[in-house]
Amino acid sequence: MMQGVENEESFVGDLYQRFPVNITKGKGCKVWDINGKEYLDCMGGYGVALVGHCNDRVVKAITSQAQNLITCHMSVYNDVRFNFLKKFSKIAPKNLQKTFFTNSGTESVEAALKFSRKYTGKPGVLALNGGYHGKTFGSLSVTYNEKYRKSFLPLLENMQFIPYSESNTISEIVTTTNQKIGAVIVEPIQGETGIIMPPPDFLKEIRNICNENDLVLIFDEIQSGLGRTGKMWAGEHWDVEPDIMCLAKGIAGGVPMGLTVMRSEILDCLKVGEHSSTFAGNPLACAAGSATIDSLAEDNLVSNSETMGRIFKSGLLEIKEKYKIVREVRGLGMMLGVEMRFDVKEILLDGIKNGILLLYSGRNILRLLPPIVMKEEEVNKSLELIEKLIYNEEKRRFG
Ligand SMILES: *Cc1c(COP(=O)(O)O)cnc(C)c1O
């Protein structure tokens, strides 16, 4: 076994699907293990390494912030936080100008569920089959996968799952249970479940149904937001703006931070003390968040994500034509999925041997969430390696 991969196990239990590699250094789209071996990182820390590992702007911001002030509760004011909020408001959807700070994705969803309930006075939420929103009790209640839910029942009441495709079902459910349903929560593109794209008019129709029935539309852009899909927000691909948007993952260049962003009237209906978080809006995360937004804007990362994503996807589609074990290629920008006809475990392990880190979705989907700073030569190198892995897998299966 590789040095360092055996030691953690005795302390952390068995909660994560883990791979035998001990990463000690990262820069841009590359990471290095404890032995100095280099890997192209298409796993990207599940999307957290959005603006690249150790992004120069982020490193500089947190280094200097660490010398000034690391913690500062929301009960007092802070200039670094205010700077971040001003910067963020410029990239936020135009009607979503109020923000609650959190520290993770699931907390951003919890806040969205609480705030929409307070605002509508209704406890019910519609969520989508296949949706993933986190694993604390509230967010788990709107997460679809039985595997995550079954040991923790009962979850929140009045949650209902609907198919990703039929918006008439939604109308029906809303009209028959209108008393209870206050919000709809949607990932514009489903990440965890395998890069599942919505049918073309789906998000628009959901928006209309929410308007007609006074429902709060929550977009979980924790994975798809901030340029990941080649636009700042995935909702823009369908020209749909939610009432609440949840963010986390890459928002602070790898430092834990989340945001729940919403229309003013939603946050304004909450009173002092009705929600809070001790770490919320801490200056270290806010400095990193400002640097991340600067990097997105000044390093043209959103358009890079679009261009590189296009090249990456067309390369994957070419690979699909050559190998029968590839079933489908999906996604937008640098949020891509390759559905295989078989289990992808061996491909992932082979990837580690060959110097590329990949992510999976379920049993048989390769998910690619590389840093959106990726350059064309790194896209090509990734494609070359992925093709090699798929070639090896096809040979293992069919000789
Ligand atoms: C990762 C993710 C979450 C959960 O975020 P955590 O920080 O792991 O709690 C929620 N929703 C989506 C869409 C995600 O991709």
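Starting from 1, residues in each chain are numbered consecutively following that chain's sequence as written. Per-residue local features are limited, in this predicted model, to residues with pLDDT of at least 70; the limit for side-chain atom pairs, both in listing and counting, is 80 or more; totals at the level of whole chains, interfaces and linings are taken over all residues. With hydrogens and water stripped out, all remaining heavy atoms of the structure feed into the side-chain values.

**Points about empty space enclosed by the protein**
The rolling of a water-molecule-sized probe over the atoms marks out the regions of remaining empty space. Residues are called lining when one of their atoms sits within 4 Å of a cavity or pocket point, these points coming from a 1 Å grid over the protein atoms alone, where a cavity is a set in which a 1.4 Å probe fits but cannot get out and a pocket is an open set with protein on both sides within 12 Å along at least five of seven lines. Grid points are joined across faces, edges and corners, and a volume is the space filled by probe spheres set on the points. If you walk through the whole model with that rule in mind, you get one cavity of 30 Å³ or more. Estimated volume of the largest cavity: approximately 50 Å³. As for the largest cavity, its lining consists of Tyr46, Gly47, Leu50, Ile222, Gln223, Gly225, Leu226, Arg228, Ala248, Lys249 and Gly250. Classes in brief: Ala, Val, Leu, Ile, Met, Phe, Trp, Tyr, Cys and Pro nonpolar; Asp, Glu, Lys and Arg charged; the others, Gly included, polar. A per-class count over the lining of the largest cavity returns five nonpolar, four polar and two charged. The source of the domain bounds is an automatic or database domain assignment. Summarising the domain contributions, the lining of the largest cavity has at least three residues from each of domain 1 (8-54 + 300-398) and domain 2 (56-299).

**Quick word on the sheet that holds strand β14 (residues 359-361)**
Pairing within the open sheet is antiparallel, and its four strands lie in the order β11-β12-β15-β14. If you trace the sheet from one side to the other, it starts and ends with β11 (326-332) and β14, each paired once. Adjacent strand axes in the sheet meet at a mean angle of 25° when their direction is disregarded. Strand pairing follows a simple DSSP-based rule, namely that at least 2 bridges must link the two strands. Think of it this way: any DSSP run of H or I at least four residues long counts as a helix, any run of E at least two long counts as a strand, and we number them from the N terminus. The pairing of β11 with strand β12 (residues 335-340) spans six bridges and is classified as antiparallel. Counterpart to Val329 in the pairing with β12 is Val338. To get an axis, fit a line to the C-alpha atoms, keeping to the stretch in contact for a helix; angles then go from 0 to 180 degrees between the N-to-C directions.

**Structural notes on the domain arrangement of the protein**
Its domain assignment divides the protein into domain 1 (8-54 + 300-398) and domain 2 (56-299). Measuring from the centre of the C-alpha atoms in domain 1 to the corresponding centre in domain 2 gives 26 Å. We call two residues in contact whenever any of their non-hydrogen atoms come within 4.5 Å of each other. Listed as interface residues are 27 residues of domain 1 and, on the opposing side, 33 residues of domain 2. Where domain 1 abuts domain 2, roughly 2400 Å² becomes buried across the two surfaces, and 63% of that area is made up of carbon and sulfur atoms. By definition, the buried area sums, over both parts, the 1.4 Å-probe accessible area that each loses when the two are put together. Of all residues in domain 1, Val302, Leu332 and Met335 give up the largest surface area on contact with domain 2, accounting jointly for 27% of the area buried on that side. When a carboxyl oxygen of Asp or Glu lies within 4 Å of a side-chain nitrogen of Lys or Arg, that pair is called a salt bridge. Salt-bridge contacts for Asp56 lead to Lys27; the nearest nitrogen and oxygen are separated by 2.6 Å.

**A few points about the nonpolar core**
The biggest cluster of nonpolar side chains holds 93 residues, and the ones touching the most others in it are Phe84, Phe88, Phe312, Leu316, Met340, Leu358 and Ile386. Per element, the largest residue contribution to this core is seven residues, and it comes from helix α11 (residues 283-298). Split by domain, this core shows at least three residues from each of two domains, domain 1 (8-54 + 300-398) and domain 2 (56-299). Discounting chain neighbours no more than four positions away, the residues touching Phe312 are Cys42, Met334, Leu336, Leu368, Pro370, Met374, Val379, Ser382, Leu383 and Ile386. Only buried residues count toward a nonpolar core, which is a set of Ala, Val, Leu, Ile, Met, Phe, Trp, Tyr and Cys residues joined through side-chain atoms within 4.5 Å. For the exposure calls, accessible area comes from a 1.4 Å probe over protein chains only, and a residue counts as buried if that area is under 20% of its type's maximum, exposed if over 50%, partly exposed in between.

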